[in-house]
Number of protein chains: 2
Amino acid sequence: MKRTVFFISDGTGITAEALGDSLLAQFAEIEFEKFTLPYINTPEKAAETVKLITTAGIKDGLRPILIDTIVNDEIRQILNGCDTLKIDVFSTFIKPLELEFCTHSSYSVGKSHAIVEANRYKDRIDSINFALENDDGARTKQYSKADIILVGVSRCGKTPTCLYMALQFGIRAANYPLTEEDLEHNALPECLQPYKDKLYGLTIDPFQLTAIRHERRPNSRYSSLNQCDVEIRFVEQLFKKSLIPYINTTTFSIEEISTRIMADRGLQRRFNN
Amino acid sequence: MKRTVFFISDGTGITAEALGDSLLAQFAEIEFEKFTLPYINTPEKAAETVKLITTAGIKDGLRPILIDTIVNDEIRQILNGCDTLKIDVFSTFIKPLELEFCTHSSYSVGKSHAIVEANRYKDRIDSINFALENDDGARTKQYSKADIILVGVSRCGKTPTCLYMALQFGIRAANYPLTEEDLEHNALPECLQPYKDKLYGLTIDPFQLTAIRHERRPNSRYSSLNQCDVEIRFVEQLFKKSLIPYINTTTFSIEEISTRIMADRGLQRRFNN
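Residues numbered from 1 in each chain as written. Chains lettered and ligands numbered in written order. Predicted model: local features only at pLDDT ≥ 70, side-chain atom pairs only at ≥ 80, totals over all residues. Heavy atoms only, no water.

- The name given to chain A in an unreviewed UniProt entry is Putative phosphoenolpyruvate synthase regulatory protein, with the source organism recorded as Neptunomonas antarctica.
- What UniProt records for chain A under Function (unreviewed entry) is the sentence "Bifunctional serine/threonine kinase and phosphorylase involved in the regulation of the phosphoenolpyruvate synthase (PEPS) by catalyzing its phosphorylation/dephosphorylation."
- Per its UniProt entry, chain A bears the Sequence similarities (unreviewed entry) comment "Belongs to the pyruvate, phosphate/water dikinase regulatory protein family. PSRP subfamily." (UniProt positions renumbered as here; feature names shortened; annotations may be inferred.)

Spelled out as structure tokens, the structure:
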């Protein structure tokens, strides 16, 4: 059984999609075909959307699911013309909030809310620059300014995690690759010693590591399973010995890795959305 | 009037937060103090959370708002012990979906759903590597493999936008900085000519650009308002003349810029969440 799902928004569609994905993930046995339609903000676009939805319903022989965060009432009315199961996020939850706050929301008066963006933008840019400048042990002088320093072997997921924390939470995240030499010394590199409280280890399944490294340098010693296995065993021993908290990235998403690290280290985001 | 809000999840908290922020943004006149509590996945953590919520309620003299996506029923029962306005996302929307699909969700049977992560992880890593390797015009040989190539003057937001598209959507995004020389020639650089269909321009308010550049190189010609103003005027002319679609990044979030570019260029994400 396949069901077609539309995430529809007059904005980016990111909220409708995040919520919808979480809900649909609870129905593992059903196959979903998902479409995100952002910026449905004119009657013309809404009318086109109605056509899309109707066509999908006919094709499936089952009504599509519509998960929306549309604010504008005219647009909503047009979409109401389709035969769908409608998960209407705003109209469901705005009312109890209005009663709680004894006020009308801008939603009820049909106005979309403009995000005050300037401060967050600056924090994000600063954090991304920090992550890029302090990537892969490129510089270690700025470690005193870092919120967190990720350590781990080459290709275990340090860079994407740093970038995600920067973009999503404004965290200043540096990362340092533990080399074979570091591992042979069986001690933390000197440049990391003063920042032990900021260190967080990443480890990974050797089979996944070898697959990732093979793409980079096929059939090299660097990418061999044996080498990956040795490095991972060394690095996990080092984390334990040095009392560095660590996480195995193999089965976690970047979102999970980032938020777990922040929870473990008590890191506060630098901006609210 | 200040209200305290808790976004609570037994996972990352990202969904609860995204939804909650969208809802609260409709109440512009109310000041919110927001706390995201991820990984509340044991009775002990739930009990601690109850204490936090209760304390906040006493301090405010008003009950806190609780926006949660908790799956585990035991945890939910514990949190129900607090006096809050509860925006209970899952229990509200799972029921109509179960009826629609004629099945029980794993939510109803109290099981959290593990995300199948491996494919998405690989796509994300590949896209991030692509963005980093093709940042700032570093290489132009891989442009044939790019989904999109952002063009604009130095510090107008190209890099963060590329990284966001890579992380969030698996888009292969390169970027090329238009230099003073390019602008004086008043023509697209030759390396971009074959890829006109992939180009997308970013522009920015000169006052914001001068502020951003001042942080980088204070009191330089590069960061002067006059220089920024000249570059921006040139670049906008070039976009118009070359029929390159463009967006002014000044008042948009990175989420909005990214999703608008993708919608304009008909780009499809490389993975679903």
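**Some details on the overall build of chain A**
Part 1: Of regular secondary structure, chain A possesses 10 helices and eight strands.
Part 2: The C-alpha atoms of chain A give 24 Å as radius of gyration, which overshoots the globular expectation for 273 residues (19 Å, by more than 25%).
Part 3: The C-alpha extent of chain A, read off along each of the three principal axes, is 70 × 45 × 30 Å.
Part 4: Evaluated residue by residue, chain A yields a buried proportion of 55% over its 273 residues. (Helix = DSSP H or I, 4+ residues; strand = E, 2+ residues; numbered from the N terminus. Rg over C-alpha atoms; globule rule 2.2 N^0.38 Å. Buried < 20%, exposed > 50% of the residue type's maximum accessible area, 1.4 Å probe, protein only.)

**Description of helix α4 (residues 89-101) of chain A**
Residue and element names in this part refer to chain A.
Part 1: Helix length check: α4 (13 residues) gives 18 Å between terminal C-alpha atoms against 18 Å at 1.5 Å per residue, within 8%.
Part 2: For α4, every residue scored as buried is listed here: Val 89, Phe 90, Phe 93, Ile 94, Leu 97, Glu 98, Glu 100 and Phe 101.
Part 3: Cys 102 sits one or two positions beyond α4 and adopts a positive phi of about 50 degrees. (Expected span 1.5 Å × (residues − 1).)

**A closer look at helix α6 (residues 158-169) of chain A**
All names here are of chain A.
Part 1: Helix length check: α6, at 12 residues, gives a terminal C-alpha distance of 16 Å against a target of 16 Å (1.5 Å per residue), a fit within 8%.
Part 2: Counting buried residues in α6 gives 12 out of 12 residues, a clear majority hidden from the surface.
Part 3: Residue Gly 170 follows α6 closely and has a positive phi angle near 70 degrees.

**Notes on the packing of α4(A) against helix α1 (residues 14-24) of chain B**
Part 1: At their nearest, the axes of α4(A) and α1(B) sit 10 Å apart, and the two run at 60 degrees to each other. Of the two elements, α4(A) crosses α1(B), and the hand of that crossing is right-handed. The segment α4(A) lies against α1(B), with A:Val89, A:Phe90, A:Phe93, A:Ile94 and A:Leu97 engaging B:Leu19, B:Ser22 and B:Leu23. (Axes fitted to C-alpha atoms, helices over the stretch in contact; angles between N-to-C directions. Left-handed = near helix turned anticlockwise from the far one by under 90°. Contact = heavy atoms within 4.5 Å.)

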